[in-house]
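This is what each chain is made of:
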Amino acid sequence: MTAETLGQIRHDWTLEEIRAIMDQPFNDLIFQAQTVHRQHFNPNEIQTSTLINIKTGGCAEDCSYCSQSSRYDTGLEKEKMMAVQEVLDQAMAAKEKGATRLCMGAAWRNPNKKDFPTVLEMVKVVKNLGMETCLTLGMLDDEQVQMLKDAGLDYYNHNLDTSEAYYPQVITTRTFQDRLDTIDKVQKAGINVCSGGIIGMGEEHADRAELLKTFANMAHHPDSVPVNLLVPIEGTPLAEMRGKTDSFEFIRVIATARILMPKTYVRLSAGRMELPDEAQALCFLAGANSIFYGDKLLTTENPESDHDLQLFKKLGIQMQAHHKAHAECGDKTEKTASSDSAA
């Protein structure tokens, strides 16, 4: 890439270009990523989201990494749906600690009709606090998407997890295209998309490049791309994968995502407990500008809020007071109405 083209918004990346970016000398990669980051963001500001589980366990999917799948014996007990007041209480606590967005996850293949009205109410009460709302509920149909839009949902999370080629090695109960279809419905409704992947599930370096290519060539880049480091869970098929991913490889994915999607928030998600502060600092230098903030992510551990605050203080990083959606989202509704399925 030339200095003139660095930071341009594109949707036509080739795999060869992406591999060339990801495989260049580490210092050059970080320099380019930080250069792009500074074109579009305050380099010393982090967006913070809090993630809570509104319905735990019993999921019919067979995602090989997930403790909430009903197919694996992980010791996790199935729990009923949270009450709206409990979600409100947790949202208030998260806001008090500085989070600007509440992400709510339910262990479903797709939402059921009985609980869906409660989810809509959760969106409304959290928005009334002045927080942004995000949901991850599995696959959606057109009616559900519209109801979420009408309720005021800001973001919908639906991760692709890995490349299309490696996907069947991780999940067999729904296809890669199923996930793309849900993302397409959400984008066409004008709801922001949060979609990312997991590093360290046994995929190859090329799979990581392919996954980034899928995101970067969508008609609209996801507003947020969470990059997870696998947290191996006892009882799941991927339990033995702990420590199999080099932190520099993880940082290369972060930096490449920043270069390919200049205006997207790149989020450090699950797996931060496996990364020392120095590695996280390199992730921020590579263009990560969002984290999940709070002691737990659904069913896995996350650094304590006080630890994050101490790290931010050492690095001179401030928590963003209000999330700023990137420029592409401003005219998303008009554009997506005529767009084809996400590529």
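Here is a short report on the structure shown in this document. None of the values given here were measured: they were computed from a predicted structure.

### Overview of empty space enclosed by the protein
So, step 1. What the rule picks out here adds up to four cavities of 30 Å³ or more.
So, step 2. By volume, the second largest cavity is sized at about 50 Å³.
So, step 3. Counting residues per element, the ones that place at least two in the lining of the second largest cavity are β6 (197-199), α7 (205-216) and β7 (224-229).
So, step 4. Per element, the largest residue contribution to the lining of the second largest cavity is four residues, and it comes from α7.
So, step 5. Its residues placed into classes, the lining of the second largest cavity shows eight nonpolar, one polar and one charged.

### A closer look at the pairing of β7
So, step 1. Where burial is concerned, most of β7 is hidden: six out of the six residues are buried.
So, step 2. Of the two faces of β7, the one carrying Ser-224, Pro-226 and Asn-228 and the one carrying Val-225, Val-227 and Leu-229 are both buried.
So, step 3. Of the strand pairs in this sheet, β6 and β7 are connected by three bridges, and their pairing is parallel. Its bridge partner being in β7, Ile-199 is matched across the sheet by Leu-229.
So, step 4. Crossover handedness for the path β6 to α7 to β7: right-handed.
So, step 5. Here four bridges tie β7 to strand β8 (residues 265-268), and the two strands are oriented parallel to one another. Each residue of the ladder has a partner; that of Val-227, found in β8, is Leu-268.

### Observations concerning the packing of aromatic side chains
So, step 1. What the rule picks out here adds up to four aromatic pairs.
So, step 2. Relative to Phe-248, the ring of Phe-26 lies with its centre 5.3 Å away and its plane at 85°, an arrangement referred to as edge-to-face. One end of the pair, Phe-26, is in helix α2 (residues 26-40); the other, Phe-248, is in helix α8 (residues 247-260), and 222 residues separate them in sequence.
So, step 3. Here Phe-248 falls in the partly exposed class, since its relative accessible area comes to 43%.
So, step 4. When the ring centre of Trp-13 is taken as reference, the NZ or CZ atom of Arg-10 above it lies at 4.0 Å.

Here is what the cut-offs are and how they apply
- Residues numbered from 1 in each chain as written.
- Predicted model: local features only at pLDDT ≥ 70, side-chain atom pairs only at ≥ 80, totals over all residues.
- Heavy atoms only, no water.
- 1 Å grid on protein atoms, 1.4 Å probe; cavity = no way out; pocket = protein on both sides within 12 Å on 5 of 7 lines; lining within 4 Å.
- Points joined across faces, edges and corners; volume = space filled by probe spheres on them.
- Helix = DSSP H or I, 4+ residues; strand = E, 2+ residues; numbered from the N terminus.
- Nonpolar A, V, L, I, M, F, W, Y, C, P; charged D, E, K, R; others polar.
- Buried < 20%, exposed > 50% of the residue type's maximum accessible area, 1.4 Å probe, protein only.
- Pairing = 2+ DSSP bridges.
- Right-handed = clockwise from strand over helix to strand, strands pointing away.
- Phe/Tyr/Trp six-rings, centres within 6.5 Å; stacked < 30°, edge-to-face > 60°.
- Lys NZ or Arg CZ within 6 Å of the ring centre and 35° of its normal.

By themselves, these are just geometric observations and shouldn't be taken as functional.
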